[in-house]
Amino acid sequence: QTCALPISAADLIRQTQERARRELRVQLRPVYAAWGVAWLAGLLAMWASVRGQHPFRGASLPAAVTLAVLILAAIAVTMVIVIRASAGIGGGSARQGRMFGLAWPIGFAAYFAIEGAAARHGAGPAAQGVLGAAGPLLVTALIYLVGAAMWLDGTMFALGVWLALVAGVAAQTGPVAVLLIEAVAAGAGFFAAAAFARPSRA
């Protein structure tokens, strides 16, 4: 009976962590949906502001602000849901979550530094437009691929592969078409992930 107490406690901890992981998987649906809206509506706004430009000069300020606001909203949704769902997870899983969360600001900070360096070293508006559209999507894809490997999440892995493919292919089309292709294809990918995300079995 003395040995049963530690075993029961270990089982309780395991069950709590497993339940938290299942809840996190279920709650990824609104996360995916929020990012789908951000990419679709935000990049469509960017595309609408540049589609008639000859030569290409870049997106308008209102379009850029629209995209920024939508991305910030998606980040807020992500943070609230992940923090709430991770409340019951401790130990290594909690550290994994924190590291995964830090990957976003680190990845995007490095990307923006590269984009700024490209502008300072003579990249023209068209090249900056392609880099500005494809770069963030590629960073997102890589982070999702890492997250999928951490949590063995097939839906997240498929989404990461799709976003990487979209970024690579869309970048070949130039600074205007890349925005339209990414808006539709990336948005559709996130909405599909929201539809197919399922809780893992205990």
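See the structure printed just above.
Predicted model only: the values in this text are computed from it and were never measured.

(A) Up close: the environment of L70. Along the chain, L70 turns up in helix α2 (residues 61-85). Relative accessible area serves as the criterion here: at 22%, L70 is assigned to the partly exposed category.

(B) Local environment of the packing of helix α4 (residues 125-151) against helix α5 (residues 154-170). Look at α4 against α5: their axes get within 8 Å of each other, and the N-to-C directions meet at 160°. The angle between α4 and α5 falls in the class roughly antiparallel. Classified by chirality, the crossing of α5 by α4 is left-handed. Residues A134, L137, L138, T140, A141, Y144, L145, G147, A148 and W151 of α4 lie in contact with α5, whose contacting residues are M156, F157, L159, G160, V161, L163, A164, V166 and A167. Here the contact of α4 with α5 is composed, by residue class, of 16 nonpolar, three polar and no charged.

(C) Spatial organisation of the side chain of E182. Here E182 is to be found in helix α6 (residues 177-196). Among buried Asp, Glu, Lys and Arg side chains, E182 stands out as unpaired, with R51 the closest opposite charge at 17 Å. What E182 contacts, discounting residues up to four positions off in sequence, is L43, A133, A134, L137, V166, A167, A170 and G187.

(D) Examining a nonpolar patch on the surface more closely. The grouping of L44, L180 and V184 at the surface amounts to a nonpolar patch, some 200 Å² of accessible area in total. Looking at the secondary structure, you find V184 in helix α6.

(E) Geometry of the environment of A110. Positionally, A110 belongs in helix α3 (residues 91-120). Residue classification places A110 among the partly exposed positions, given a relative accessible area of 42%.

(F) Structural view of the nonpolar core. One finds Y32, Y144, L163 and F190 to be the most contacted residues of the largest nonpolar core, which totals 41 residues. Looking at this core, the elements that each hand over two or more residues are α1 (4-50), α2, α3, α4, α5 and α6. With 10 residues, α1 is the largest single contributor of residues to this core. When neighbours within four sequence positions are excluded, L163 is seen to be in contact with L137, T140, A141, Y144, A186 and F190.

Quick notes on the rules
Residues numbered from 1 in each chain as written. Predicted model: local features only at pLDDT ≥ 70, side-chain atom pairs only at ≥ 80, totals over all residues. Heavy atoms only, no water. Helix = DSSP H or I, 4+ residues; strand = E, 2+ residues; numbered from the N terminus. Buried < 20%, exposed > 50% of the residue type's maximum accessible area, 1.4 Å probe, protein only. Axes fitted to C-alpha atoms, helices over the stretch in contact; angles between N-to-C directions. Parallel < 35°, antiparallel > 145°, perpendicular 65-115°, else oblique. Left-handed = near helix turned anticlockwise from the far one by under 90°. Contact = heavy atoms within 4.5 Å. Nonpolar A, V, L, I, M, F, W, Y, C, P; charged D, E, K, R; others polar. Lys, Arg positive; Asp, Glu negative; His and termini not counted. Salt bridge = Lys/Arg side-chain N within 4 Å of Asp/Glu carboxyl O. Patch = residues over 30% accessible without salt bridge, like charges linked within 9 Å, V, L, I, M, F, W, Y side chains within 5 Å. Areas by Shrake-Rupley, 256 points an atom, 1.4 Å probe, with all protein chains shown as cover. Core = buried A, V, L, I, M, F, W, Y, C linked by side-chain atoms within 4.5 Å.

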